[in-house]
Amino acid sequence: MYLQIEPKMSEFFKLDSEITSQHYKVYTSVLLPMLLCGVKAAFSSQSAVSNLIDCLRKFIVTMSEGSVPLQSLELSVQILMEKSHLVEPFIDLVLEVLMKGSVKVKVTCAHLLEICLLCPTCSTLINDRILPGLVTLACDTDYNVKLATVSPFGSILETCSERETMDKVYTELIRLLHHTNQNQDNNMLLSMISTFSRIGPNIEPQFREEVVISQLARWSMENNSCGDTNLRKAVALALIDAYCALYCCFISTSITQDSFLPGLKSLQLDLKELGLEGGAVIGSMVSEIQHKLEGASASPSRVSEGTTPATSSPSTEHLAKSSKSLMNKIMDKSASTKMSSFFSKRK
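Residues numbered from 1 in each chain as written. Predicted model: local features only at pLDDT ≥ 70, side-chain atom pairs only at ≥ 80, totals over all residues. Heavy atoms only, no water.

Engineer: Hey, could you go over the overall build of the protein for me, with residue numbers and the actual values?
Structural biologist: Each helix and strand in the protein was counted, giving 19 helices and zero strands. Out of the 347 residues belonging to the protein, those deemed buried represent 48%. Of the contacts made within the protein by residues no fewer than 6 positions apart, 71% connect residues no fewer than 24 positions apart. For the protein, the accessible area works out to roughly 17100 Å², and carbon and sulfur atoms hold 53% of it. (Helix = DSSP H or I, 4+ residues; strand = E, 2+ residues; numbered from the N terminus. Buried < 20%, exposed > 50% of the residue type's maximum accessible area, 1.4 Å probe, protein only. Contact = heavy atoms within 4.5 Å. Areas by Shrake-Rupley, 256 points an atom, 1.4 Å probe, with all protein chains shown as cover.)

Engineer: An account of the environment of F207 is needed here, citing residue identities and associated values.
Structural biologist: Within the element layout of this structure, F207 appears in helix α13 (residues 205-223). In this structure, the C-alpha to C-alpha distance between F207 and Y170, residues 37 residues apart in sequence, is 8.2 Å.

Engineer: Could you give me a rundown of helix α14 (residues 229-247), with the residues and numbers involved?
Structural biologist: The end-to-end C-alpha separation of α14 is 26 Å, in line with the 27 Å expected for 19 residues at 1.5 Å each. All buried positions along α14 are accounted for by L231, R232, V235, A236, A238, L239, I240, A242, Y243 and L246. (Expected span 1.5 Å × (residues − 1).)

Engineer: Account for the packing of helix α4 (residues 46-65) against helix α5 (residues 71-80), with residues named and values stated.
Structural biologist: Where α4 contacts α5, the axes come no closer than 11 Å and their chain directions differ by 155°. Viewed along their axes, α4 and α5 adopt a mutual orientation that is roughly antiparallel. As for the relative orientation of α4 and α5, their crossing is left-handed in sense. Residue-level inspection shows L52, L56, F59, I60 and M63 of α4 in contact with α5, the latter providing S72, L73 and L80. Here the residues of the contact of α4 with α5 sort into seven nonpolar, one polar and no charged. (Axes fitted to C-alpha atoms, helices over the stretch in contact; angles between N-to-C directions. Parallel < 35°, antiparallel > 145°, perpendicular 65-115°, else oblique. Left-handed = near helix turned anticlockwise from the far one by under 90°. Nonpolar A, V, L, I, M, F, W, Y, C, P; charged D, E, K, R; others polar.)

Engineer: Explain the environment of I130 to me, and be specific about the residues and the numbers.
Structural biologist: Note on placement: I130 falls in helix α8 (residues 126-138). Here the alpha-carbon distance between I130 and E114, two residues 16 residues apart in the chain, equals 8.5 Å. Once residues within four sequence positions are removed from consideration, I130 is found in contact with I91, L113, C116, L117, C122 and L125.

Engineer: Explain the packing of helix α6 (residues 84-100) against α8 to me, using residue names and the numbers behind them.
Structural biologist: Relative orientation of the contacting elements α6 and α8 amounts to 15°, with a least axis distance of 10 Å. Relative to α8, the element α6 lies roughly parallel. For the pair α6 and α8, the sense of crossing is left-handed. Together, E88, I91, D92, L95, L98 and M99 of α6 and R129, I130, G133, T136 and L137 of α8 make up the contact between the two elements.

Engineer: I'd love a proper account of the side chain of D270, names of residues and values included.
Structural biologist: Checked against the element boundaries, D270 lands in helix α15 (residues 253-274). You can call D270 buried: its relative accessible area is 0%. Among the polar contacts made by the side chain of D270, one reaches the side chain of N224 at a distance of 2.9 Å. Setting aside its immediate chain neighbours within four residues, D270 contacts S220, N223, N224, R232 and A236. (Polar contact = N/O pair within 3.5 Å; in protein donor to acceptor, adjacent residues only side chain to side chain.)

Engineer: Would you mind going over unusual backbone geometry in detail, with residue names and values included?
Structural biologist: The residue S67 is not glycine, and still its phi comes out positive at about 55°. Relative to the assigned elements, S67 resides in the loop between α4 and α5.

Engineer: Any chance you could break down the pattern of salt bridges for me, citing the residues and the numbers?
Structural biologist: A full pass over the atoms with the stated rule returns 15 salt bridges. A salt bridge links E114 to R198; its shortest N-O distance comes to 3.9 Å. Taken together, the residues span a long stretch of sequence, with E114 in helix α7 (residues 103-116) and R198 in helix α12 (residues 186-199) at a distance of 84 residues. Of the charged contacts, one joins D167 and R163 as a salt bridge, the two residues approaching to 2.9 Å between their closest N and O atoms. Of the two residues, D167 and R163 both sit in helix α11 (residues 163-183), four residues apart, roughly one turn of that helix. Judged by relative accessible area, which is 7%, D167 ranks as buried. R163 sits in the partly exposed class, given a relative accessible area of 31%. What emerges from the salt-bridge pattern is a single network uniting D54, R57 and E96. (Salt bridge = Lys/Arg side-chain N within 4 Å of Asp/Glu carboxyl O.)

Engineer: Outline the packing of aromatic side chains, listing residues and values.
Structural biologist: Enumeration over the complete set of coordinates arrives at four aromatic pairs. Judged by centre distance (6.1 Å) and plane angle (20°), the ring pair of F196 and W219 falls under stacked. With a gap of 23 residues between them, F196 in helix α12 and W219 in helix α13 connect regions that are remote in the sequence. Taking the relative accessible area as the measure of exposure, F196 reaches 0% and is therefore buried. When the centroid spacing of 5.1 Å and the interplanar angle of 70° are considered together, the rings of Y243 and F260 count as edge-to-face. (Phe/Tyr/Trp six-rings, centres within 6.5 Å; stacked < 30°, edge-to-face > 60°.)

This is the structure we're talking about:
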């Protein structure tokens with residue numbers, strides 16, 4: 001039966017030639033998962049796995065070069081990753097392809113590596129296989145390849161708890177942050193905000209406070225003076241999600257006062273001036289935080305400590321300098337302090 005079905009289904013895909021409009025729909029249809037998951041992956045012998053991997057290699061390259069939407073391929077990979085004997089061969093395939101592929105192929109590889117993170121059996125391969133592959137892509141000279149690694153790095157922080165791996169991801173994210181701030185990169189900025197929104201509640205408190213919240217505050221303030229209305233709206237809407245996600249997290253009083261609240265106020269101003277929805281929600285968050293800070297500042301113990309009143313807000317320049325100082329501290333290879341000690345608990 002296999003010998004009859006496999007050749008006929010494969011005929012629908014012209015893997016040895018460029019994708020034309022005539023065959024475009026075939027690659028985005030259910031036929032692709034049926035071929036890869038229902039037919040090619042039906043057997044677990046070494047020859048069957050080898051045949052499947054060769055087929056996947058052709059699909060990755062052909063669909064990437066042809067700019068075909070990858071939903072059907074990504075769905076197929078997600079299903080295939082449920083078979084433990086296919087996980088390692090597939091990751092090895094992606095690592096092989098990204099080393100030799102074009103920009104489009106490398107971008108696809110970044111997405112596929114992120115899908116692999118959904119597989120429970122991939123946890124042992126993150127530090128040895130997946131992370132090195134993403135680091136290679138993040139160091140690529142092409143902007144789009146760098147951009148494609150932001151979300152996968154965030155996904156690693158959501159799925160991994162190993163100290164060594166997390167430190168490496170922190171380093172790479174801060175490198176990308178440095179690139180974003182230095183080049184005023186709009187797409188990278190939106191991707192960063194989206195990723196911070198997704199991972200913020202689940203990452204280490206110190207990284208969340210000193211990097212994530214600090215950056216969100218800086219971007220919120222800078223967005224007030226953005227001359228591109230469409231970009232200003234896009235950033236403001238992305239920031240709503242980020243601040244709502246972080247609002248329920250425990251945040252120290254000093255960070256709340258110096259970064260979180262000023263960022264919220266700047267976002268509130270954007271929403272008001274741009275006429276966007278969400279202003280009432282953000283306004284309620286601002287009022288509640290101010291109320292808590294005023295109550296804390298009225299406490300004798302807080303006053304004796306010389307707590308700065310909640311009404312004082314740092315400027316964009318101050319946040320930018322603080323952010324840059326933090327990044328330089330982490331990025332300085334000559335510094336004796338390692339990432340692991342940097343993110344260790346404060347004594």
